[in-house]
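The chain contents come next:
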Amino acid sequence: MTTDELDIATKTNVPARNDETPVQYVNELTTLNLGPTHPATHGIFQNILQMDGEKIVSGEQTIGYIHRAFEKIAERRPFYQITTLTDRMNYCSSPINNMGWHMTVEKLLGIEVPKRAQYIRVIMMELARIADHLICNGILGVDTGAFTGFLYLFEERENIYEIYEEVCGARLTTNMGRIGGMERDLSPTAIRKIKEFLVRYPKVLREFENLFNRNRIFMDRTVDVGGISAERALSYGFTGPNLRAAGVDYDVRVMNPYSSYQDFEFDIPVGQSGDTYDRFMVRNEEMWQSLRIIEQAINNLPEGPYYADAPQYYLPPKQEVYKNMEALIYHFKIVMGEIDAPVGEVYHAVEGGNGELGFYLISDGGRAPYRLHFRRPCFIYYQAFPEMCVGSTLSDAIVTMSSLNVIAGELDA
Amino acid sequence: MLSNEEVAQTIIQQFGDAVSDFDDPFDLLTVSVTREQVIPLIQYLKEQPSYQISFLTDITGVHYPDSSGREFCVVYHLHSFINNFRVRVKVYLSKDDLHVPTATKLYLSANWMERETFDLFGIIFDGHPDLRRILNMEEMDYHPMRKEYPLEDATREDKIDALFGR
């Protein structure tokens, strides 16, 4: 809405009946607290909106409600215990965070992870990406008033979580993988479940797309809502699906391939206008591409070990610990966090569910990081939200926020 | 493809004595710059047509309480999507004078990153439009990521620092 329209909307004088003096309507704004515990924020953060009737005039965010000082805690923890902190950032796609952290440490230590472990990691990361995107798109449907699609997809998220359970034993805060590889090989059950998922999920996703993609109501609610130009998006530090929806084909998996992503063939979908509908479509298409990657990885899963030969960092097999002195020593030292890491300064980025998830690690040779900083994509792009919703209605702002996929855990760290 | 040496040479030619400590840990060009020249350097890298290092990945701070005169460090990570090239720019500050010019005029994303760095380290970004705490509450009167605030109760004697590598 332009300022002219605003003036018209707010300063119109209604002509008085009879001979009374004209009624003067003053420009009075309403303050609306959207959050911190509003159901539509999907997390704990607050937006203080100045409303002129149904239109948003200005917005200001308050974040930090679940700030847990991960960066500070990490300065006191051995490296392997920091994985559990990364789980709790973007909890919709914890495996990506876990793997990103392991790869950062492996880069510092100079560990080369075997191909099999890299492929397993790729499978788990792509499953996590699907889980992340399906929640975002499903919830976007709920926010526009369509509950059905959400239920279809959510059943499949349950199946993804069952695969997580099979691979690492946990569902949400996965703590998956270890520094140097995976904690265990893919079990036959896990492989069967992944293959079943690959058969089942395309049907569900196609059904979901049939419900939404050309749905008149959905398009009316999302097309040209909350758009952002590529230039502004870059300046605001957008990455991931939100940046690609604006038309920039930046993807860490392609630009700086990690964990053997160069072995797989997949496309990077991009949008044009950066609006809510484009973000929705980009995420949908990324789920298809993730399926492609998982299929290639599971069919070409290399034989060999699933962990690197790095006895100082990778826990030895339990049988060895009982029989072998070296194994026992390393087991003790690793669990007690008594391994000194080399001095170094690493920045490693992975393509998280929301964009470039970076780990900036400074090690001074101690047992814990000297400084660890997480580049959290949500935190950086969420500052653009007021610009994207000013002038639109409250219901459009809800849809915009939903499609940005702001995860409070990642926002606050 | 840009090479680290090539960019480093250009930066030296352009900024002379203001830049120092060139390094490339894990193939990431790292350069220290004086506080006065940091914004010109970032702007130069952004506008140099053959580099186009025009994406601000991250701003953060580091505290080195033991190095006198260089106790605080502000770290910028910059990225060129065109050349797939990353640079790390560092500014060292003395604890008595924690001022550094803001990058918000070049990058809108610097806004919250600088607020976070201010919140956690107390580094003041001159010219920032809205330098308030962001993650912690406004009433807080200290900057928690500084090393003088150890995570555990300093009065406890059953936990020995050496055991935790610190």
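Residues numbered from 1 in each chain as written. Chains lettered and ligands numbered in written order. Predicted model: local features only at pLDDT ≥ 70, side-chain atom pairs only at ≥ 80, totals over all residues. Heavy atoms only, no water.

- Within an unreviewed UniProt entry, the label attached to chain B reads NADH-quinone oxidoreductase subunit C, and the organism entered is Fibrisoma limi BUZ 3.
- As stated in UniProt under Catalytic activity (unreviewed entry), the record for chain B gives "a quinone + NADH + 5 H(+)(in) = a quinol + NAD(+) + 4 H(+)(out)".
- Here chain B is described in UniProt, under the heading Sequence similarities (unreviewed entry), as follows: "Belongs to the complex I 30 kDa subunit family." (UniProt positions renumbered as here; feature names shortened; annotations may be inferred.)

- By the naming in an unreviewed UniProt entry, chain A goes by NADH-quinone oxidoreductase subunit D and is assigned to Fibrisoma limi BUZ 3.
- Looking at the Sequence similarities (unreviewed entry) heading of the UniProt record, one finds this comment for chain A: "Belongs to the complex I 49 kDa subunit family."
- Per UniProt, chain A carries the Catalytic activity (unreviewed entry) text "a quinone + NADH + 5 H(+)(in) = a quinol + NAD(+) + 4 H(+)(out)".

### Structural notes on the overall build of chain A
Working step 1: Looking only at helices and strands, chain A features 18 helices and 6 strands.
Working step 2: Expected size for 413 residues packed as a compact globule is a radius of gyration near 22 Å; at 24 Å, chain A falls within 12% of this value.
Working step 3: If you line up chain A on its principal axes, its C-alpha atoms span 105 × 45 × 30 Å.
Working step 4: Split into buried and exposed, the 413 residues of chain A put 59% on the buried side.
Working step 5: Partitioning the contacts of chain A with sequence separation of at least 6, the portion at a separation of at least 24 is 69%. (Helix = DSSP H or I, 4+ residues; strand = E, 2+ residues; numbered from the N terminus. Rg over C-alpha atoms; globule rule 2.2 N^0.38 Å. Buried < 20%, exposed > 50% of the residue type's maximum accessible area, 1.4 Å probe, protein only. Contact = heavy atoms within 4.5 Å.)

### Some details on helix α17 (residues 394-404) of chain A
Side chains three or four residues apart in an α-helix point the same way, a direct result of the helix having 3.6 residues per turn.
Working step 1: Burial of α17 of chain A is extensive: 9 of the 11 residues sit out of reach of the surface.
Working step 2: Phi for N405 of chain A, located one or two positions after α17 of chain A, is positive at around 55 degrees.

### Digging into the packing of helix α5 (residues 115-143) of chain A against helix α12 (residues 276-299) of chain A
Residues and elements named next belong to chain A.
Working step 1: Here α5 crosses α12 at 155 degrees, and the two axes come no closer than 9 Å. Classed by the angle they form, the pair α5 and α12 counts as roughly antiparallel. The element α5 and its partner α12 pack so that their crossing is left-handed. Residues Y119, V122, I123, E126, L127, R129, I130, H133, L134, C136, N137 and L140 of α5 form the contact with α12, whose participating residues are T276, F280, R283, N284, E286, M287, S290, L291, I293, I294, A297 and I298. (Axes fitted to C-alpha atoms, helices over the stretch in contact; angles between N-to-C directions. Parallel < 35°, antiparallel > 145°, perpendicular 65-115°, else oblique. Left-handed = near helix turned anticlockwise from the far one by under 90°.)

### Some details on the nonpolar core
Working step 1: Membership of the largest hydrophobic core comes to 170 residues, with the highest contact counts inside it found for I123, M124, L127 and F238 of chain A together with Y76 of chain B.
Working step 2: Counting residues per element, this core draws most heavily on α5 of chain A, which supplies 14 residues.
Working step 3: When residues are assigned to domains, this core turns out to be shared by domain 1 (3-62) and domain 2 (70-412) of chain A, each giving three or more.
Working step 4: Those residues within four positions of M124 of chain A in sequence are excluded, and the remaining contacts are P95, M99, I163, Y164, V167, M176 and M182 of chain A. (Core = buried A, V, L, I, M, F, W, Y, C linked by side-chain atoms within 4.5 Å. Domains from an automatic or database assignment.)

### Things to note about the UniProt feature "domain: NADH-quinone oxidoreductase subunit D" (unreviewed entry) in chain A
Working step 1: The positions that UniProt labels "domain: NADH-quinone oxidoreductase subunit D" (unreviewed entry) are, in the present scheme, residues 143-412 of chain A.
Working step 2: Measuring from the first to the last C-alpha atom of residues 143-412 of chain A gives 23 Å, for a span that is 50% helix and 9% strand.

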